[in-house]
Amino acid sequence: MQGDKEAFGNIFYRHYTFLFQFGLKICADRETLEDVIQELFTELWQKKKNTELQSVKAYLVQSLKYKLYKAYHKQRHQFILEKEEELFELSPETFLVQQEENKEQASKILEALNKLPPRQKEIIYLKIYKGLSYEDISELMHLKYQVVRNLLCQALKTLRSS
């Protein structure tokens, strides 16, 4: 058992610096990198594979790359979950503010719509609220297809500028 510890210690000291420098090229977070290398050697000691390796260094590098990949995705997933929790934290004040902003926006849109000429208002109503096609609108309003498109485009430009 003592010989195993010495051999393992030699492997650790011989390859740690190289693994750390190699890992820095993949992972900029030194603390995570140190944790991953420590985990790699801990698992190596616990499993003590009896299989012969062609290259201990190649095995360690491959294992490190795999563990860093897993750590990256775990941290990324954790970050996304934390952000989602922040997004879904709604206080009554936030709800009231959002409700007030929605009312203001709706009144601005209504005001801008009322400034449009009647034909443009009707085209917006038919296209957006009723979901009719340009062809259906042109038949219904007795206008040419391209006129309907132009009037809708003008109406939308006017609304955007308001």
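In this text, all values refer to a predicted model and were calculated from it rather than measured experimentally.

Cut-off values and rules
- Residues numbered from 1 in each chain as written.
- Predicted model: local features only at pLDDT ≥ 70, side-chain atom pairs only at ≥ 80, totals over all residues.
- Heavy atoms only, no water.
- Helix = DSSP H or I, 4+ residues; strand = E, 2+ residues; numbered from the N terminus.
- Buried < 20%, exposed > 50% of the residue type's maximum accessible area, 1.4 Å probe, protein only.
- Contact = heavy atoms within 4.5 Å.
- Areas by Shrake-Rupley, 256 points an atom, 1.4 Å probe, with all protein chains shown as cover.
- Patch = residues over 30% accessible without salt bridge, like charges linked within 9 Å, V, L, I, M, F, W, Y side chains within 5 Å.
- Salt bridge = Lys/Arg side-chain N within 4 Å of Asp/Glu carboxyl O.
- Expected span 1.5 Å × (residues − 1).
- Arc of directions from axis to C-beta.
- Polar contact = N/O pair within 3.5 Å; in protein donor to acceptor, adjacent residues only side chain to side chain.
- Core = buried A, V, L, I, M, F, W, Y, C linked by side-chain atoms within 4.5 Å.

A. Seen up close, the overall build of the protein. Assigned secondary structure in the protein consists of 7 helices and 0 strands. In sequence order, the protein lays out its α and β elements as α-α-α-α-α-α-α. Every one of the 162 residues in the protein was classed for burial, and the buried ones make up 23%. Counting contacts in the protein only where the partners sit at least 6 residues apart, residues at least 24 apart contribute 56% of the total. Surface exposure of the protein reaches about 12800 Å², of which carbon and sulfur atoms provide 53%.

B. Fine view of a nonpolar patch on the surface. Residues Y125, I128 and Y129 make up a contiguous nonpolar surface patch of roughly 350 Å² in combined accessible area. Residue placement: Y129 occurs in helix 5 (residues 118-129).

C. Representation of helix 2 (residues 30-47) in the model. Here helix 2 spans 26 Å end to end across 18 residues, near enough to the 26 Å set by a 1.5 Å rise per residue. Within helix 2, the full set of buried residues consists of T32, L33, V36, I37, L40, F41 and L44. Relative to the axis of helix 2, the buried residues are bounded by an arc of 165° and lie together on one face. Exposed positions of helix 2 whose direction lies more than 90 degrees from the buried face are E31 and Q46. The residue sitting at the N-terminus of helix 2 and contributing the capping side-chain oxygen is D29; that oxygen lies 3.3 Å from the backbone nitrogen of E31.

D. Quick peek at the nonpolar core. Counting residues in hydrophobic clusters, the biggest one holds 16 residues, and the most contacted among them are L19, L33, I37, F41, L60, L64 and L68. Breaking this core down by element, the ones donating at least two residues are helix 1 (2-26), helix 2 and helix 3 (56-87). Counting residues per element, this core draws most heavily on helix 2, which supplies 6 residues. Excluding anything up to four places from it in sequence, L33 contacts F20, G23, L24, C27, L64 and L68.

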